[in-house]
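# Coordinate analysis (summary)
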Amino acid sequence: MEIPRTSIHGEWSSRLAFILAATGSAVGLGNIWRFPYITGENGGGAFVIVYLVCVLAIGVPIMMAEIMLGRRGRQSPMNTMASLAHDEGRSKLWKGLGWWGVLGGFMILSFYSVVAGWTLAYVFRMGSGMFTNATADGVGSIFGQFVSDPERLLAWHTIFMVMTIIVVSRGVKSGLEKAVRYLMPMLFIMLIGMVFYAMNTGYFGNAISYLFEPDFSKLSAEVILTAMGQAFFSLSLGMGAIMIYGSYLPKQTSIGRTTFIVAGMDTLVAILSGLAIFPIVFAYGLQPEQSVGLVFKTLPIAFGQMPGGLLFGTLFFVLLSFAAWTSAISLLEPAVTWLVENHGMNRVMASAWSGLAAWLLGVVALLSLNIWSDHTLFGKNAFDLMEFATTNIMLPLGGLMIALFAGWMMRHESTMDELHIQDRLHLGYRLWQFLVRFIAPLAVLFIFLNVTGVLDWLANIL
Ligand code: PHE
């Protein structure tokens, strides 16, 4: 039996600290910016149901597996995978899973920082009264003009990336805990407030039916893939963020319970933001398909109308920026730990270099929204391409490999030890094993084969 490892990067001060950090990572633009807009693009109810099923059947077991691998390896994802593969007598190639994750994290951070820059910009735009009594058209065209101005986007993207680098360079554990402890509950309360406001628009019922009445004719292979990708993205799974946070988790903390709390809060925030945004969409006669601009084109209308909207709106975008910030730092952390471990860099240099790399890629994403918008591949600009490739392909593939490693490559003794299970017949343990061994990998595989048309082709020849 190997000696339990300790992390050279430190440990969370308590279980609560981990829950806050992991929730900070999970809750972000994925819930408030991305969930509503892709729900709108994919037709509502049926998409939401598939998403919820993916969270439960694929996301939760993989999150447990990812935290578990992290805590057992206690290093950057690359070194964790290398050590665990060694412990379990498996191929060295498993280290590649760490690399895959870090690459995905870079790509996500690059476009994530661009959008987080928008939320920063909207703090000042709300505060300046730009949206007071603005019409839906006015709010829409303000967003349109903003996104077509590369210099502004560049400035905000840069500011956000610098903010991210600063926190990561100081060690995610110091400032983060305090920020998340107060700001997350505030964001939550604001969202509930927005849902109440939305209830009075007269269109709340429409939003409920849009979000929860499934029209299964709207489901296609691509819609299902997008729902699964969103589950991975929103829960921060499949790229090592949760793995690295797990590596700072005290040994005695229960992974199962913690996972349910984090996944539950993440899902709740996504649903609440849907309930806040869609009534506004219908009340102002907008289309749900507003693509990446949806939050920025809807909520400011409401803030512009409501009493005290100037203050609430400003506060809302401040909190959303914080939520994005706590997610962004978890995207950078895996690469930084690796540079520290393997290249002897100090944290400050490691954060600066990896942040710079993601910033550069972000510039490409940002220019593809305006001056390079004509350059497309498969009908997508660079921004959409990065978003699609990471969320719908890289994260699910990373998650698939995590599930396979935890389910098939690790000995029962190892997983039972880490999950604090004494009895191999323990019901929860058996259920988890079944999910990571069969359900999660097969579901990911099935969805991939389905969207590439391989399933149809097989059905035809069989
Ligand atoms: N979960 C984050 C969000 O919803 C994004 C993220 C994805 C963070 C992957 C880390 C890893 O905003």
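Above this text sits the structure in question.
It is worth spelling out empty space enclosed by the protein at this point. Per the counting criterion, the structure on display carries 3 cavities of 30 Å³ or more. Within this model, the largest cavity holds a volume of roughly 150 Å³. Contributing to the lining of the largest cavity are 17 residues, with Ser-25, Ile-108, Phe-233, Ser-236 and Leu-331 lying nearest its centre. Mapped onto the lining of the largest cavity, the elements with two or more residues apiece are α1 (15-26), α2 (29-41), α5 (95-127), α10 (221-234) and α14 (309-343). Tallied by class, residues from the lining of the largest cavity come to 10 nonpolar, 7 polar and no charged. Considering the residues around the second largest cavity, the lining is formed by Ala-179, Val-180, Leu-183, Met-184, Leu-187, Leu-319, Phe-322, Ala-323 and Thr-326.

Moving on, we come to the pattern of salt bridges. If you walk through the whole model with that rule in mind, you get 11 salt bridges. Linking Lys-251 and Glu-418 is a salt bridge whose minimum nitrogen-to-oxygen distance equals 3.3 Å. Taken together, the positions of Lys-251 in the loop between α11 (241-246) and α12 (255-283) and Glu-418 in helix α17 (residues 412-418) put the pair 167 residues apart, joining distant regions of the chain. On the basis of relative accessible area, Lys-251 is assigned to the partly exposed category, the value being 31%. Residue classification places Glu-418 among the buried residues on the basis of a relative accessible area of 2%. Three or more residues joined by partner-sharing salt bridges are found here, namely Arg-71, Arg-72, Lys-251, Asp-417 and Glu-418.

Moving on to the site of the ligand. Every one of the 15 residues lining the ligand counts as a neighbour, but Ala-26, Gly-30, Tyr-112, Phe-233 and Ser-236 are closest to it. Ser-25 is positioned such that a nitrogen or oxygen atom in its backbone is 3.2 Å from a nitrogen atom of the ligand. Taking Leu-29, its main chain carries an N or O atom lying 3.1 Å from an oxygen atom of the ligand. The fraction of the free accessible surface of the ligand (330 Å²) that becomes covered by protein chains is 100%. With respect to the detected pockets, the ligand is housed in the largest cavity. Elements that contribute at least two residues to the shell around the ligand include exactly α1, α2, α10 and α14. Partitioned by chemical class, the residues of the shell around the ligand number 7 nonpolar, 8 polar and no charged.

Further remarks concern the nonpolar core. By size, the foremost hydrophobic cluster in this structure holds 163 residues, and its most contacted members are Trp-12, Trp-33, Trp-118 and Tyr-245. For this core, the element with the highest residue contribution is α5, accounting for 16 residues. Setting aside chain neighbours within four positions, we find Trp-118 in contact with Trp-33, Phe-143, Phe-146, Val-147, Leu-153, Val-292, Phe-296 and Leu-369.

With that settled, consider α1. Taking 1.5 Å per residue as the helical rise, α1 with its 12 residues ought to reach 16 Å, and the 16 Å between its terminal C-alpha atoms agrees with that figure. Of all 12 residues that make up α1, 10 are buried, and the element is covered over most of its length. For α1, the N-terminal cap is Ser-14; the gap from its side-chain oxygen to the backbone nitrogen of Leu-16 is 3.4 Å.

This brings us to the environment of Leu-272. Assignment of secondary structure puts Leu-272 in helix α12. Distance from Leu-272 to Met-194, taken between C-alpha atoms, is 8.7 Å for residues 78 residues apart in sequence. Leave out the neighbours within four places in its chain, and Leu-272 touches Phe-188, Leu-191, Ile-192 and Val-195.

So, how was this worked out
Residues numbered from 1 in each chain as written. Predicted model: local features only at pLDDT ≥ 70, side-chain atom pairs only at ≥ 80, totals over all residues. Heavy atoms only, no water. 1 Å grid on protein atoms, 1.4 Å probe; cavity = no way out; pocket = protein on both sides within 12 Å on 5 of 7 lines; lining within 4 Å. Points joined across faces, edges and corners; volume = space filled by probe spheres on them. Helix = DSSP H or I, 4+ residues; strand = E, 2+ residues; numbered from the N terminus. Nonpolar A, V, L, I, M, F, W, Y, C, P; charged D, E, K, R; others polar. Salt bridge = Lys/Arg side-chain N within 4 Å of Asp/Glu carboxyl O. Buried < 20%, exposed > 50% of the residue type's maximum accessible area, 1.4 Å probe, protein only. Near = heavy atom within 4 Å. Polar contact = N/O pair within 3.5 Å; in protein donor to acceptor, adjacent residues only side chain to side chain. Areas by Shrake-Rupley, 256 points an atom, 1.4 Å probe, with all protein chains shown as cover. Sits in = over half its atoms within 2 Å of the grid points. Core = buried A, V, L, I, M, F, W, Y, C linked by side-chain atoms within 4.5 Å. Contact = heavy atoms within 4.5 Å. Expected span 1.5 Å × (residues − 1).

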